[in-house]
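Here is what each chain is made of, one letter per residue.
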Amino acid sequence: MTDSKYFTTTKKGEIFELKAELNSDKKEKKKEAVKKVIASMTVGKDVSALFPDVVNCMQTDNLELKKLVYLYLMNYAKSQPDMAIMAVNTFVKDCEDPNPLIRALAVRTMGCIRVDKITEYLCEPLRKCLKDEDPYVRKTAAVCVAKLHDINAQLVEDQGFLDTLKDLISDSNPMVVANAVAALSEIAESHPSSNLLDLNPQSINKLLTALNECTEWGQIFILDCLANYTPKDDREAQSICERVTPRLSHANSAVVLSAVKVLMKFMEMLSKDLDYYGTLLKKLAPPLVTLLSAEPELQYVALRNINLIVQKRPEILKHEMKVFFVKYNDPIYVKLEKLDIMIRLASQANIAQVLAELKEYATEVDVDFVRKAVRAIGRCAIKVEQSAERCVSTLLDLIQTKVNYVVQEAIVVIKDIFRKYPNKYESVIATLCENLDSLDEPEARAAMIWIVGEYAERIDNADELLESFLEGFHDESTQVQLQLLTAIVKLFLKKPTETQELVQQVLSLATQDSDNPDLRDRGYIYWRLLSTDPVAAKEVVLAEKPLISEETDLIEPTLLDELICYIGTLASVYHKPPSAFVEGGRGVVHKTLPPRTASNESTESPETAPAGAPPGEQPDVIPAQGDLLGDLLNLDLGPPVSGPPLATSSVQMGAVDLLGGGLDSLIGGTNFVAPPTAAVPANLGAPIGSGLSDLFDLTSGVGTLSGSYVAPKAVWLPAMKAKGLEISGTFTRQVGSISMDLQLTNKALQVMTDFAIQFNRNSFGLAPAAPLQVHAPLSPNQTVEISLPLSTVGSVMKMEPLNNLQVAVKNNIDVFYFSTLYPLHILFVEDGKMDRQMFLATWKDIPNENEAQFQIRDCPLNAEAVSSKLQSSNIFTVARRNVEGQDMLYQSLKLTNGIWVLAELRIQPGNPSCTLSLKCRAPEVSQHVYQAYETILKN
């Protein structure tokens, strides 16, 4: 007897039994078997071996069985792509089934099978279903297009499905319209540049008609789509608002929030004088209040959105304060959010009610909530001046309770009240001092120390109080140590005779025994101030302090406008734009509110012209953003690659050969190549303000290395146009190298990183010669100065005006565009001195019609001073003579692209005006060269 008996068994196993049942002739048995397979699949067993048997069960009229088979198919098609092809035939047949439910089921399953091999077979059935006579099939097919686009975008575009989807927006059935909008929105999100949802008044009208008859989710898709539309004027905005307003009374909170988003966005375009504007404000309050009667989780989402709405338009809910009063059974997250909104809505009219509530909250058991309530009382005092008195007495009552954390919070907020209302409530200091011993939190200790230092002259034993803190100096947190150091220095400046020992003690503790650089530096600064100039120390340390503003935690306006466009989404709960939390940023588009209409916006004064442009003829150099996008966005915003100098002698720029030598005939060659610009010293990429650059003060334009004139920095990109990033700058030329000196200031509330810069093609091929290096993240209110080396070997394109430079700057927030005019003298090269013979020959050779004459007024310099001033900017005097009492200077200069400009400057001693004649083979340069002369001579 062999051992084979151990390997054979009469039991065939579960899979075998299921296989037999699936091939049974009885319909009921088949159905039971498929149910068992699905059950096994659901609990995680591998039943992929049954794929061919389950697929055979597809040939049935039983809808329930068909659904089960399709469910199995979706799950295993990915792991068995070759087998899945067997099912294609059945799909095609099912898409022509007389039962619309089966047709829709087939098309839905096809969209869920993410197998590349199969997708092309599905195009024909999908095309038929998109034009099916049954709306249920059409709406299912619309969503299938979006799924197919996710698997193979190119195929969907080639097959023309996107156009069919666009046609479905005009469908007679509202659910088909809603699904078509949803599918197009989904596709458009992954391709932000494509203009798929081409919304116009006609299509908007169709969407609004469908809105009334859709299911709730259909309504949300349509409302979100409407929110992305910008009406052409306030009348269209009003008509859309009127048709969207009924959605505010919907039972589904998501529909309500989507409607609120559309209305908040379009209200921007309505004039505040309109009666309708007031009506709309009144209509917006009740639905928001109703949201607060839902379950706590929904309340929280509603409150986070209301927080944004109240910051944008507090007038909507100004009469609804009571609904934000806290209920005893609210979860803590709802309580804290309600408190925040109560403070935002606090005004003179309702402050008595609010204070009574807050005082009540301060006696609750929840510590976090009590702390926030006490802080809220302080915020109310700062916000509503008339209530400050009552708030302070309420805080004093709370201090008398002697509850430790209440006392500490009260002291922190009283410090802020002192800052807001100096010399008004200092009588309470005695009460505060009584509680000194109970303070154990750094923030409260620091606040108390600040109060003692600030009002030392009113506290008899101030030195004793501060000395008591000094005993455990090294155990204190940094916040307390810094505050203590400053307070003792203030005390010393107010009472020098009594506190000399104390100040010596704290200064040596801060400078010698501490390893915290902030504390050490502050200690050394005070030490030097006190030892060298006590008067200056007094002016610095005891300077008048600015009053603090009421709302310090408001969201920055540009971010708030963006978040209003995301009401009802996760961004409105996080209070962050999607780009801050969506991985990879796929399809994240920055949204902004539409511009206000002219009827309700005062006209702003035109911005000041950039330096270097003559008054009265400042061209409009900021093109519309659309013009720039084409050119700048197709350039890679990575670090620029400095390529070799252009080897062609003539790059066509309109009719002018700006890169041609201009002196070809004299030099004798036809292929004159402009010499490459001098290599850029490596250290020029470093930010200014370190090492030697301080001595030379490269930023001020005085005493630069080669003496070339540098214009003062001008604001090129204001913060309001760049989400809080402000860029100022100027151009310099030193020792043959051109740089753009930039000053970046972060006026936003978030950190800025990942900076890059790119120039559009320009007349002289200016391009960054190194990446824009901002070595550390730019924190809010921080400014950094950077010198960006430039080369002149970039792409060339004639600009209007000639010295216009279009720039794109990218950071982690967005890409921003601006234009500036660079002064032409940064392009004057160091070897621009022509020899006399060649000067004479070239002057004769250039046709007379190329000569241009200009007057330089208010220039009282003599010939010697003029010559040396111009030479420092690479305009060289070739010869000089005196004709009938007039000084004649003959000068030459050469641009980086090899163009020569010849000049004759006539100076009459005693006459503040002089005459400049310029000759050049490219006459359009002359105007800008004259501007350079004027700029250099007058500065």
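Residues numbered from 1 in each chain as written. Predicted model: local features only at pLDDT ≥ 70, side-chain atom pairs only at ≥ 80, totals over all residues. Heavy atoms only, no water.

Draft legend 1. Focus on the overall build of the chain. For the chain, the count of helices and strands is 38 helices and 13 strands. Buried residues in the chain amount to 51% of all 939 residues. Of the contacts formed within the chain by residues at least 6 apart in sequence, a portion of 67% connects residues at least 24 apart. Here the chain has roughly 44100 Å² of accessible surface; of this, 51% comes from carbon and sulfur atoms. (Helix = DSSP H or I, 4+ residues; strand = E, 2+ residues; numbered from the N terminus. Buried < 20%, exposed > 50% of the residue type's maximum accessible area, 1.4 Å probe, protein only. Contact = heavy atoms within 4.5 Å. Areas by Shrake-Rupley, 256 points an atom, 1.4 Å probe, with all protein chains shown as cover.)

Draft legend 2. A look at helix H37 (residues 863-871). Of all the residues in H37, the buried ones are Ala863, Val866, Ser867 and Leu870. The arc enclosing the buried residues of H37, seen along the axis, measures out at 95°, which places them on a common side. (Arc of directions from axis to C-beta.)

Draft legend 3. The packing of helix H20 (residues 351-361) against helix H21 (residues 367-383), seen in detail. Close contact between H20 and H21 brings their axes to 8 Å; oriented N to C, the two are set at 150°. When the axis of H20 is compared with that of H21, the two are roughly antiparallel. H21 is crossed by H20, and the crossing has left-handed handedness. Touching Ile351, Val354, Leu355, Leu358, Lys359 and Tyr361 of H20 are Phe369, Val370, Ala373, Ala376, Ile377 and Cys380, all from H21. Broken down by class, the residue content of the contact of H20 with H21 amounts to eleven nonpolar, no polar and one charged. (Axes fitted to C-alpha atoms, helices over the stretch in contact; angles between N-to-C directions. Parallel < 35°, antiparallel > 145°, perpendicular 65-115°, else oblique. Left-handed = near helix turned anticlockwise from the far one by under 90°. Nonpolar A, V, L, I, M, F, W, Y, C, P; charged D, E, K, R; others polar.)

Draft legend 4. Inspection of H21 at higher detail. Given a rise of 1.5 Å per residue, 17 residues ought to cover 24 Å, and the 24 Å separating the end C-alpha atoms of H21 matches this to within 8%. Turning to H21, its buried residues number three or more, namely Phe369, Val370, Ala373, Val374, Ala376, Ile377, Gly378, Arg379, Cys380, Ala381 and Ile382. Elements that come into contact with the buried residues of H21 comprise helix H19 (332-345), H20, helix H22 (388-400) and helix H23 (404-420). For H21, the capping residue at the N-terminal end is Asp366, with a side-chain oxygen 3.3 Å from the backbone nitrogen of Asp368. (Expected span 1.5 Å × (residues − 1). Polar contact = N/O pair within 3.5 Å; in protein donor to acceptor, adjacent residues only side chain to side chain.)

Draft legend 5. Representation of the sheet that holds strand E5 (residues 767-768) within the structure. Pairing within the open sheet is antiparallel, and its five strands lie in the order E1-E2-E3-E6-E5. The open sheet has two free edges, formed respectively by strand E1 (714-717) and E5, since each of these has just one partner strand. Sheet topology places E5 next to strand E6 (residues 783-791); two bridges connect them, and they run antiparallel. Residue pairing for E6: Pro768 is matched across the bridge by Leu790. (Pairing = 2+ DSSP bridges.)

Draft legend 6. Summary view of unusual backbone geometry. The omega torsion of the bond from Glu800 to Pro801 falls at -5°, within 30 degrees of zero and hence cis. For Pro801, the location among the structural elements is in the loop between E6 and strand E7 (804-810). A positive phi angle, near 55°, is found at Asp754, a position not held by glycine. Secondary-structure assignment places Asp754 in the loop between strand E3 (737-746) and strand E4 (756-759). The phi dihedral of Asn781 falls on the positive side, at around 65°, and the residue is not glycine. One can find Asn781 in the loop between E5 and E6. The class of Asn781 is exposed, set by a relative accessible area of 69%.

Draft legend 7. Local environment of the packing of aromatic side chains. One pass over the structure, following the stated rule, counts twelve aromatic pairs. Ring plane angle 80° and centroid distance 6.5 Å describe the contact between Phe764 and Tyr822, whose orientation is recorded as edge-to-face. Of the two residues, Phe764 is situated in the loop between E4 and E5 and Tyr822 in the loop between strand E8 (815-821) and helix H36 (836-845); the sequence distance between them amounts to 58 residues. Residue class for Tyr822 comes out buried when judged on its relative accessible area of 0%. An aromatic cluster is present here, built from Trp716, Phe731, Phe764, Phe818 and Tyr822 joined pairwise through their rings. (Phe/Tyr/Trp six-rings, centres within 6.5 Å; stacked < 30°, edge-to-face > 60°.)

Draft legend 8. Spotlight on the sheet that holds strand E12 (residues 900-907). Pairing within the open sheet is antiparallel, and its five strands lie in the order E9-E13-E12-E11-E10. The open sheet has two free edges, formed respectively by strand E9 (851-856) and strand E10 (876-883), since each of these has just one partner strand. When strand polarity is set aside, the average angle formed by the axes of neighbouring strands in this sheet is 20°. Sheet topology note: the E12/strand E13 (residues 914-920) ladder contains seven bridges and is antiparallel. Counterpart to Leu902 in the pairing with E13 is Lys919. Lying on the sheet, H36 is in contact with E9, E10, strand E11 (886-894), E12 and E13; it crosses E12 at an angle near 95°. Taken strand by strand, helix H38 (residues 926-938) contacts E9, E11, E12 and E13, and its axis lies near 25° from that of E9.

Draft legend 9. Broad picture of a negative patch on the surface. Residues Glu464, Glu467, Glu471 and Glu501 make up a contiguous surface patch of negative charge. The residue Glu501 is located in helix H28 (residues 500-511) in this model. Residue class for Glu501 comes out exposed when judged on its relative accessible area of 72%. (Patch = residues over 30% accessible without salt bridge, like charges linked within 9 Å, V, L, I, M, F, W, Y side chains within 5 Å. Salt bridge = Lys/Arg side-chain N within 4 Å of Asp/Glu carboxyl O. Lys, Arg positive; Asp, Glu negative; His and termini not counted. Charge placed at Lys NZ, Arg CZ, Asp CG, Glu CD.)

Draft legend 10. Summary view of the side chain of Ser867. Here Ser867 is to be found in helix H37. Residue Ser867 is classed as buried on the basis of its relative accessible area, which comes to 13%. Of note is the side chain of Ser867, whose polar atom sits 2.8 Å from the side chain of Thr877. In contact with Ser867, not counting residues within four places along its chain, are Thr877, Leu889 and Gln891.

Draft legend 11. Looking closely at the pairing of E8. Burial analysis of E8 places seven of its seven residues in the buried class, which makes it a mostly covered element. Alternating residues of E8 divide into Val815, Tyr817, Ser819 and Leu821 and Phe816, Phe818 and Thr820, and every residue in both groups is buried. As paired elements, E7 and E8 share seven bridges and run antiparallel to each other. Bridge pairing in E8 links Lys810 to Val815.

Draft legend 12. Layout of the nonpolar core. With 215 residues, the main nonpolar core has Tyr72, Phe91 and Phe418 as its most contacted residues. Looking at which domains feed residues into this core, each of domain 1 (346-438) and domain 2 (441-532) supplies at least three. Apart from residues no more than four positions distant in its own chain, Tyr72 is found in contact with Val37, Ile38, Met41, Val47, Ser48, Leu50, Phe51 and Val54. Ranked by size, the runner-up nonpolar core spans 65 residues in total, among them Phe731, Leu742, Met752 and Leu895. (Core = buried A, V, L, I, M, F, W, Y, C linked by side-chain atoms within 4.5 Å. Domains from an automatic or database assignment.)

Draft legend 13. The packing of H22 against H23, seen in detail. Contact geometry of H22 with H23 gives a least axis separation of 9 Å together with a crossing angle of 155°. Taken as axis vectors, H22 and H23 run roughly antiparallel relative to one another. Between H22 and H23 the crossing geometry is left-handed. Counted together, Val392, Leu395, Leu398 and Ile399 of H22 and Val406, Val407, Ala410, Val413, Ile414 and Ile417 of H23 form the full contact between these two elements. Per-class residue counts for the contact of H22 with H23 are ten nonpolar, no polar and no charged.

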